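Breakdown of the fold
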Amino acid sequence: MVASGYICFIASIFVLLSISSAASYDPVDFDAFLQCLPKHSDHSVSIAGAILTPSNASFQSIYQLRANNLRILLSATSRPVAIITALHPSHAQAAVICAKRHGFQLRIRSGGHDYEGLSYISDVPFVILDMFNLKSIDIDMKTETAWVQAGATTGEVYYSIAQKSDVHGFPSGVCTTLGIGGHFSGGGYGFLMRKYGLSIDNVIDAQLIDANGRILDRKSMGEDVFWAIRGGGTTSFGIILSWRIKLVRVPPRVTVFNVQRTLEQGATELAYRWQQVAPKLPKDLFIRLQLVPINNGGNNKTVTVSFIGHFLGQADGLLRLMNVRFPELGLTRNDCSEMSWVQSALNWAGFPNGTSIDVLLNRVQVDRVFYKTKSDYYKAVIPKQGLETLWQVLMDIEDIFVQFNPYGGRMEEISESETAFAHRRGNLFKAQYGIQWSESDGGINASGRYVEMSRRLYNVMAPYASSDPREAFFNYRDLDIGSNESGETDFEVAKEYGAKFFRNNFMRLAGVKTMIDPENFFKNEQSIPPLPTPPSH
């Protein structure tokens, strides 16, 4: 089953995960690291219970529970020397100070939906700082704002807002177990994108722990750093402790629909038309295109094209709009379901109508599969011949799906330099290509084959996607587009993936990195490096 939203994979899999021993490290330094932690944390909340080493009974379960992609988990060749499950902000500060002092790399994890596992693997001795327990949400309805800690999930944010108001929401991801620390910072989006932009477009303050362990807010970090962490990914610059968000207004009733057509039912013509219509619709209407190959046995294959819609209004208004702007789809009253905004969030996450909103409080995605994801941006309509090529590749591969998310609306109004997230005006839609498989499909041993199939689809779409550079979405991590070694950050390599993720904003991001973390303490395989030092004469 492919959920209708962000890759929230659902599969019934039970596996015993085993990770080999950590990369070589000095046990003397490790002992000193452990002794350092309580010296730099608030004594009112003991850090002892937050420190997990491989000798702890719960170490392996915590490591696995909050890591989403089995392809990464089962292929990992090293594990952290420790996991710090911060229970207090000072525990995160201590992790920074002590890891830096004693030579351990720090990887930061909030939700665990890191497609390439960069938040929980490394080839050099490292510590995981797990922000999962820092999850407070403080809503102030007078100002229509909230402070949300990094470990809170999108589901918890939606639930908390719904407890206070039925006419407020927030634009972020469809999957309800995303940790907002990383999700927001990379440009998290959802079905409110065309109306209100991205999560970061509605962030008004933040708390960031820098490489010296200081907690900075917007004023003390400065506007350059605040600009960088909104779309540049936080983990190059520090650790997000919390975001202050501006809630957005939604009507008491919204309308959702999911209209499906196969190739035999004219899906090619409709998908071609969607590309021209969806980015130009009024902001209140968002229609995602989802493409899934279907094998009905033998050579009887087709593709189902789903038109998944969200309208900030009631069904009658939606039908009037669609009859004028997209009559070819043939949307009817029976296709439409009216509900509260928070119920629509459940609908998009794949829950059946009538599900209690209490499911938003489920914090961990228990059923996981193996997967590989890639992304594209499209600035021109894919011709019908290109769509037919896409259908053929999908039917050949079978275990793959594609999502096209329309731009336009608010995304067209924000300049690419306003935040670090640069993919704005000129894009018709963003694509996600997801391939997934289970243990019964070969599990970890089949990874190479499935990853190659994802690359095949990506290569086929090259003539139609953006180019020079071929742009990519930062939150859909993809090491294929360029990466460094775990312990290195070569500037020329970073320029390659940086241009794809951040376009013309990359050099400014490198400048901000130079200001806030000149020693490059915060690094991973796709982090932003400081500017290179000019050669001395």
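Definitions and cut-offs
- Residues numbered from 1 in each chain as written.
- Predicted model: local features only at pLDDT ≥ 70, side-chain atom pairs only at ≥ 80, totals over all residues.
- Heavy atoms only, no water.
- Axes fitted to C-alpha atoms, helices over the stretch in contact; angles between N-to-C directions.
- Helix = DSSP H or I, 4+ residues; strand = E, 2+ residues; numbered from the N terminus.
- Parallel < 35°, antiparallel > 145°, perpendicular 65-115°, else oblique.
- Contact = heavy atoms within 4.5 Å.
- Nonpolar A, V, L, I, M, F, W, Y, C, P; charged D, E, K, R; others polar.
- Left-handed = near helix turned anticlockwise from the far one by under 90°.
- Core = buried A, V, L, I, M, F, W, Y, C linked by side-chain atoms within 4.5 Å.
- Buried < 20%, exposed > 50% of the residue type's maximum accessible area, 1.4 Å probe, protein only.
- Phe/Tyr/Trp six-rings, centres within 6.5 Å; stacked < 30°, edge-to-face > 60°.
- Pairing = 2+ DSSP bridges.

Where helix α16 (residues 491–502) contacts helix α17 (residues 506–516), the axes come no closer than 9 Å and their chain directions differ by 125°. Here α16 is positioned oblique relative to α17, judged by the angle of their axes. For the pair formed by α16 and α17, the contact residues are F491, A494, K495, G498, A499 and F502 on the first element and F506, M507, L509 and A510 on the second. A breakdown of the residues in the contact of α16 with α17 according to their chemical character gives eight nonpolar, one polar and one charged.

With that out of the way, let us pick up the packing of helix α10 (residues 267–277) against helix α13 (residues 384–397). The N-to-C vectors of α10 and α13 enclose an angle of 120°; their axes lie 10 Å apart at closest approach. Taken together, α10 and α13 sit at an angle that is classed as oblique. The hand of the α10/α13 crossing is right-handed. Within the contact between the two elements, α10 uses T268, E269, A271, Y272 and Q275 and α13 uses K384, L387, E388 and W391. Of the residues that constitute the contact of α10 with α13, the class distribution is four nonpolar, two polar and three charged.

Quick look at the nonpolar core now. Among the nonpolar cores identified, the biggest contains 169 residues, and L106, I229, I245, L291, W391, F404 and L457 are the most heavily contacted of them. By residue number, the principal contributor to this core is α13, which donates seven residues. With near-sequence residues (within four places) excluded, I245 lies in contact with E144, T145, A146, V148, V157, F170, F184, N202 and V203.

Before going further, it helps to spend a moment on the packing of aromatic side chains. Any two aromatic rings considered together are summarised by their centre-to-centre distance and by the angle between their planes. This structure, assessed with the given rule, holds 30 aromatic pairs. When the ring of F30 is compared with that of F104, the centres are 6.2 Å apart and the planes differ by 80°; the resulting orientation is edge-to-face. One end of the pair, F30, is in helix α1 (residues 27–39); the other, F104, is in the loop between α4 (89–102) and β3 (105–109), with 74 residues separating them in the sequence. Of the two residues examined, F30 and F104, each falls in the buried class. A ring pair is formed by W437 and Y450, whose centres lie 4.6 Å apart and whose planes are at 5°; its orientation type is stacked. Taken as a pair, W437 in strand β18 (residues 429–437) and Y450 in helix α15 (residues 447–460) lie far apart in primary sequence, 13 residues in all.

Another aspect to go through is the sheet that holds strand β4 (residues 126–130). Read from one edge to the other, the open sheet built from four strands follows the order β1-β2-β4-β3, with strand pairing classed as mixed. Edge positions in the open sheet fall to β1 (51–52) and β3, since each of these has one partner strand only. In this structure, strand β2 (residues 82–85) lies alongside β4, joined through four bridges in parallel fashion. Residue pairing for β4: I84 is matched across the bridge by L129. Its contacts with the sheet place α1 against β1, β2 and β4, and it is angled at close to 10° to β2. Against the sheet, α4 makes contact with β2, β3 and β4, and its axis sits at roughly 155° relative to β3, the strand it touches most.

With that out of the way, let us pick up the environment of G182. In this fold, G182 is placed in helix α6 (residues 180–185). For G182, the contacting residues outside a window of four places in its chain are S110 and N475.

No statement about biological role is implied by the geometric values presented.
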